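# Descriptive analysis of the structure
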Amino acid sequence: MTRLTFLGAAGTVTGSRYLLEVDSRRVLIDCGLFQGKPELRQKNWGPLGVDPKSLDAIILTHAHIDHTGYLPRLVKEGFDGPVFASPPTRALLELLLPDAGRLQEEEARYANHKGYSRHQPALPLFTEEDARTALGLVRRAGFGSPIEIAGSFSFAFHRVGHILGAAFILIEAKSGAGEKVKIVFSGDVGRGNIPILKDPEPILGADYVLLESTYGDRLHGKESPKEALARVCRRIVEKKSVLLIPAFAVGRTQEVLYHLRALQRENRLPADLPIYVDSPMGISAVGLYCEFTSEHDIEMRDLEDRHLCPIEGPSVKFCRSSDDSKLLNQLRGPAVILSASGMLNGGRILHHLVHRLPDPDTVLLFVGYQAEGTLGRRILEGAKEVQVLGLPVHVAAQIEEIPALSAHADSGELVEWLSAIPAKPRETFLVHGENPAREALAASIRDKLGFKVTLPWQDETRELG
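Residues numbered from 1 in each chain as written. Predicted model: local features only at pLDDT ≥ 70, side-chain atom pairs only at ≥ 80, totals over all residues. Heavy atoms only, no water.

## With respect to the overall build of the protein
For clarity, the threshold we go by: Put simply, DSSP H or I for four residues or longer makes a helix, DSSP E for two residues or longer makes a strand, and each gets a number counted from the N terminus. Between the two quantities, the radius of gyration covers C-alpha atoms and the globule rule is 2.2 Å times the number of residues to the power 0.38. Residue burial is assigned from relative accessible area. The probe radius is 1.4 Å, only protein chains are included, and a residue is buried under 20% of its type maximum, exposed over 50%, and partly exposed in between. Throughout, a residue-residue contact means that at least one pair of heavy atoms, one from each residue, lies within 4.5 Å. Surface accessibility in these figures is a Shrake-Rupley result with a 1.4 Å probe; residues are shielded only by whichever protein chains are displayed. Positive charge is attributed to Lys and Arg, negative charge to Asp and Glu, and no charge count is given to His or to the chain ends. To locate a charge, take NZ of a lysine, CZ of an arginine, CG of an aspartate or CD of a glutamate.
For the protein, the helix and strand inventory stands at 14 helices and 22 strands. Compactness check: the protein gives a C-alpha radius of gyration of 22 Å against a globular reference of 23 Å for 465 residues, within 12% of the reference. Buried residues in the protein amount to 59% of all 465 residues. Considering only contacts within the protein whose residues lie at least 6 apart along the sequence, 74% involve residues at least 24 apart. Surface accessibility of the protein: about 18,300 Å² in total, with carbon and sulfur atoms responsible for 49%. When the 54 basic and 60 acidic side-chain charges of the protein are each reduced to a single mean position, those positions are 2 Å apart.

Structure representation (structure tokens):
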């Protein structure tokens, strides 16, 4: 018997965790943190819903924390089996997981110092040491190479865009009765024709598909990301003001840099416009993006062949230390500051918000999805005063958004990607999306493709086959 349980990202955008069982064998696909509203974050402190010691393996679609950040906690609770990831994902995890542990520890210390935690004392969910212990279990698995697990599963990674190393997973589950079921876990589906990375590969066949639905209820618009970025940047150059861009350290930071550098090479932005990358992890990820040339698309390789660095340049300045970051508080424009985290739920960006949000000349530009309950969503929806680091902060800055810079495919792109499957799957489960987005995407898939579509909920179990 083959069973699938949705332990997370079912009706929400974060907390990606799916339990696949064949007879007595168990594999967890993704092991992410819940983010956003307090009631969602509180789920990270609860039990997984299955004994960690009973898991035969964990397979990760990509490195983002909402897909991997629960791993140190699970290892702390007793999981000691193999964790499979693509080689670039393994490299990124060496940056992301220890950094997440440090942030957990720093936020606990800061909360205790300021006394704003509801728990006394505030504790980290996991530590940097826990994260490094978890990294010791992560094994590299190449794209397109099937791997067997416990005699009941075989899986292969296939490129899906989104960020460096991201994959959709094709799993074949084989029961003791001889039944075989093919299941695709999409992870986060990237957009086609974006810089740096290769386009998502097609699904060549599946009985069941778990498809993300982050942007299931919208289209990104026809304006190209580079043109939209040029429009916003021209304003801050003319006004001599500061453009503050909260961006995920892995993925969005590198793509935004790519577009900014392209605009400079085309003389559409001043070659000396200061671009500050204020994210140690984002800086390290720039190096990894340049290192994994096997993942680069044709345009990226062409620039490299011409000895042009697509995401570095003389006006790009890396702020590695906290002192470098603090100096930006006195910075006058025109200038661009890229800082993490992308949804304003931690990191150095929060300190910039305290100093820059009250300034009407500052432009705050969102370039990625803002989950329900996050500070980013509240500001994007028009909040005039917000709490940042326990302080009330007035929002006077100009707020802009470029949805086309998102790493997620929109509704039309998701339907198009799904339409390439040679034969209809038995069932398509929409996950990793808020319910309005899931419902809209379900209607579109049913109407355009005629697929059977299901919207699973947290902790729901389905029998497959």
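## Some thoughts on the packing of aromatic side chains
The geometry of two aromatic rings is summed up by the distance between their centres and the angle between their planes. For clarity, the threshold we go by: Note on ring pairs: Phe, Tyr and Trp rings are taken, using the six-membered ring of Trp, and paired if centres are within 6.5 Å. Classes follow the plane angle, with under 30 degrees stacked, over 60 edge-to-face and the rest tilted. Distance and angle both matter: a charge sits over a ring if NZ of Lys or CZ of Arg is within 6 Å of the ring centre and within 35 degrees of the ring normal.
On inspection of all chains with the given rule, the structure shows eight aromatic pairs. Ring pairing ties together the aromatic residues F6, Y18, F185, Y208 and F429, which thus form one cluster. It is R159 that lies over the ring of F143; its NZ or CZ is 4.3 Å from the centre.

## Concerning the pattern of salt bridges
Convention followed: Throughout this description, the term salt bridge denotes a Lys or Arg side-chain nitrogen within 4 Å of a carboxyl oxygen of Asp or Glu.
Across all of its chains, the model carries 27 salt bridges by this definition. With a closest N to O distance of 3.6 Å, R3 and E21 form a salt bridge. Residue R3 is located in strand β1 (residues 2-6), and its partner E21 is located in strand β2 (residues 18-22); the two are separated by 18 residues in the primary sequence. Assessed through its relative accessible area of 8%, E21 is described here as buried. Between D99 and R102 there is a salt bridge, with its nearest N and O atoms 3.7 Å apart. With D99 and R102 both in helix α4 (residues 87-114), this residue pair falls three residues apart, about one helical turn. We classify D99 as buried; its relative accessible area is 17%.

## Here we look at the sheet that holds strand β5 (residues 83-85)
Our working rule: Between any two strands, pairing holds if DSSP finds at least two bridges. Between the N-to-C directions of two axes lies an angle of 0 to 180 degrees, each axis being a line fitted to C-alpha atoms and, for a helix, fitted only over the stretch in contact.
Taken together, the seven strands give an open sheet; going across it, the order is β6-β5-β4-β3-β2-β1-β22, and neighbouring strands pair in mixed fashion. Lying at the two open borders of the sheet, with one neighbouring strand each, are β6 (138-140) and β22 (461-464). Going across the sheet, the axis of each strand differs from the next one's by a mean of 25°, ignoring polarity. The pairing of β1 with β2 spans five bridges and is classified as antiparallel. Bridged to T5 within β2 is L19.

## Here's the deal with the sheet that holds strand β14 (residues 316-318)
Strand order in the open sheet formed by six strands is β14-β13-β15-β12-β16-β19, and the pairing between neighbours is parallel. Either end of the sheet is taken by a strand with one partner, and the two such strands are β14 and β19 (398-401). Adjacent strand axes in the sheet meet at a mean angle of 20° when their direction is disregarded. Bridging between strand β16 (residues 363-366) and β19 involves four bridges; their strand directions are parallel. The residue of β19 that forms the bridge with F366 is E401. Relative to β16, helix α6 (residues 225-239) is tilted by about 170°, and along the sheet it contacts β12 (242-246), β15 (335-339), β16 and β19. Along the sheet, helix α7 (residues 252-265) makes contact with β12, β13 (275-278), β14 and β15, crossing β13 at roughly 170°.

## Things to note about helix α13 (residues 411-419)
Rules: Working definition: the arc comes from the directions between the helix axis and the C-beta atoms, pointing outward to the latter. Contacts described as polar in this section are N or O atom pairs within 3.5 Å, which, within protein, must combine one atom able to donate a hydrogen with one able to accept it, while residues neighboring in sequence count only if both atoms come from side chains.
Regarding α13, the residues found buried are S411, L414, V415, W417 and L418. For α13, the angular spread of buried residues about the axis comes to 160°, placing them on one side. Taken together, the buried residues of α13 touch β9 (167-174), β11 (208-212), β20 (427-431) and α14 (435-449). A distance of 3.2 Å separates the backbone nitrogen of G412 from a side-chain oxygen at the start of α13, and that oxygen is part of D410.

## Some details on the environment of K180
Its place among the elements puts K180 in strand β10 (residues 180-185). With relative accessibility at 53%, the residue K180 sits in the exposed group. As a C-alpha pair, K180 and I298 span 118 residues in sequence and 38 Å in three-dimensional space. Setting aside chain neighbours within four positions, we find K180 in contact with E172, A173, K174 and D207.

## Concerning the environment of R252
Looking at where R252 falls in the secondary structure, it is placed in helix α7. A relative accessible area of 5% places R252 in the buried class. When the C-alpha atoms of R252 and A340 are compared, they prove to be 9.8 Å apart, with 88 residues separating the residues in sequence. When near neighbours in sequence (up to four residues on either side) are disregarded, R252 contacts H162, A247, V367, L405, S406 and A407. At a separation of 2.9 Å, a polar atom in the side chain of R252 contacts the main-chain carbonyl oxygen of L405.

## So, helix α11 (residues 349-356)
Of the residues making up α11, those classed as buried are I349, L350, H352, L353 and R356. Within α11, the buried residues cover an arc of 160° as seen down the axis, which keeps them to one side.

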